[in-house]
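# Residue-level structural notes
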Amino acid sequence: MRTCLICCSHSLSVGAAAMARGGHVEGESIPAATGEAEDDDLASLPTREGWWTTFVLYHGCWLSSPTATSVSLVRAQFAPRHDDLLLATYPKCGTTWLKALSFAVANRSRHRVAGGDHPLLTSHPQDLVPFIELPYRHLHPLAALDALPSPRLLCTHMPPQLLPPRVAELGCRIVYLCREPKDVVVSMWHYMNKVGNGFFLDLDKAFELFVDGFSLFGPIWDHCLGYWKKSMEEPDTVLFLKYDDMMADPAGHVKKLADFLRVPFTDEEVGAGVVEEVVRLCSFEKLSRLPVNSSAVVDRIGGRPMNSAFFRKGKAGDWKNYLSEEMANKLDAVIEEKLKGSGLTF
Ligand code: A3P
């Protein structure tokens, strides 16, 4: 058994009490969809090797086999609510940061941001906002999400075409965070080699797979473009953010996030510096040094990846330390070609 290499497992919803801890595993074999999953014939999907386990191409998106089984079940059984707020990201684009910021902003009336007992001081951000599709829902029932009070703050790595159709029908609002793809591939490479239970890939090989559009929840350009288009069509429903922009102006983005979550900062809060307190509390420097994030591990079935694996450098442009000029040019060219005419640039 191998741990899922990308995501995290258990969580709290907005203001909810701690959910039962859960976990997810990468099975060595391709699990068949259970009878409860959507009627997708997962066994007949195209497959490809190269990462730590077999990936399948599911509705145009590369997923590990167990993730596809879970997503299939989620599409059939997850019951969205009209006031759900979804955080959507491509892996390694700053999910942990977005979860921390959103949790702090959404819950600030019950958890004072500067308070010494703020949940972010003792819980990993990944554990404060649950993923919809994780832990694997064929192993861990969706009932855990059903039990959360509204409004739920939920997270997903699913691209828009994989979201359960009711999400769009109900008009659930989505915050999407993307990142410069060159930083994503470097971050992903580090992460996978760190938590891969012996799985190791050279950067050159990981880069080639990524550039070929073959990465978990990839191709990354389809992921970004799908949400980008939705944000253009429905700006009140999808807030499209970029990691690099957030780094450049965190306070401005925290305000934007609060407006979108429909909990705007009052003049009093702004005057009292609450926006800056959120930025500080959720900063890489603050979070990465907390004992819960620097040394603790989270119980997961089949593995116990370090919480610290979600905190590496937290910088924009670190790719320059890893990718050759030729690699950078190659990925830039692919991204430019794929995003051509969309208005989205990195
Ligand atoms: P690096 O590997 O480039 O450092 P995800 O949360 O989607 O898995 O993304 C992980 C990336 O976000 C890592 O990038 C990690 O260091 C960075 N990150 C985690 N917490 C952060 C924070 N509070 N602020 C900025 N970046 C953060």
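Our subject is the structure listed above.
We now turn to the structure provided with this report. (Residues numbered from 1 in each chain as written. Predicted model: local features only at pLDDT ≥ 70, side-chain atom pairs only at ≥ 80, totals over all residues. Heavy atoms only, no water.)

This part is about the site of the ligand. Close to the ligand lie 18 residues, the nearest being Lys92, Thr95, Thr96, Ser187 and Lys313. With respect to the ligand, the side chain of Arg179 contributes an N or O atom lying 2.9 Å from an oxygen atom. In the model, an oxygen atom of the ligand is placed 2.7 Å from a nitrogen or oxygen of the Ser187 side chain. Compared with its free state, where it exposes 560 Å², the ligand has 97% of that area covered by protein. Looking at the shell around the ligand element by element, the count peaks at three residues for helix α2 (residues 95–106). Each residue belonging to the shell around the ligand can be placed in one class, and the counts come to eight nonpolar, six polar and four charged. (Near = heavy atom within 4 Å. Polar contact = N/O pair within 3.5 Å; in protein donor to acceptor, adjacent residues only side chain to side chain. Areas by Shrake-Rupley, 256 points an atom, 1.4 Å probe, with all protein chains shown as cover. Helix = DSSP H or I, 4+ residues; strand = E, 2+ residues; numbered from the N terminus. Nonpolar A, V, L, I, M, F, W, Y, C, P; charged D, E, K, R; others polar.)

Further remarks concern the sheet that holds strand β4 (residues 55–58). The three strands lie next to each other as β3-β4-β5, forming an open sheet whose pairing is antiparallel. Every other strand in the sheet has two partners, leaving β3 (47–48) and β5 (61–64) as the edge strands with one partner each. Both β4 and β5 contribute to a ladder of four bridges, which runs antiparallel. By the bridge assignment for β5, Tyr58 is matched with Cys61. Here helix α1 (residues 65–77) sits on the sheet and contacts β4 and β5; the angle it forms with β5, its principal contact strand, is near 110°. (Pairing = 2+ DSSP bridges. Contact = heavy atoms within 4.5 Å. Axes fitted to C-alpha atoms, helices over the stretch in contact; angles between N-to-C directions.)

On to the packing of helix α5 (residues 181–195) against helix α14 (residues 325–339). Where α5 contacts α14, the two axes come as close as 10 Å, and the packing angle between them is 120°. With respect to α14, the axis of α5 lies oblique. On α14, the residues touching Pro181, Lys182 and Val185 of α5 are Ala328, Leu331, Asp332 and Ile335. Classifying every residue of the contact of α5 with α14 by side-chain character gives five nonpolar, no polar and two charged. (Parallel < 35°, antiparallel > 145°, perpendicular 65-115°, else oblique.)

Any functional reading would require information that these geometric values do not contain.
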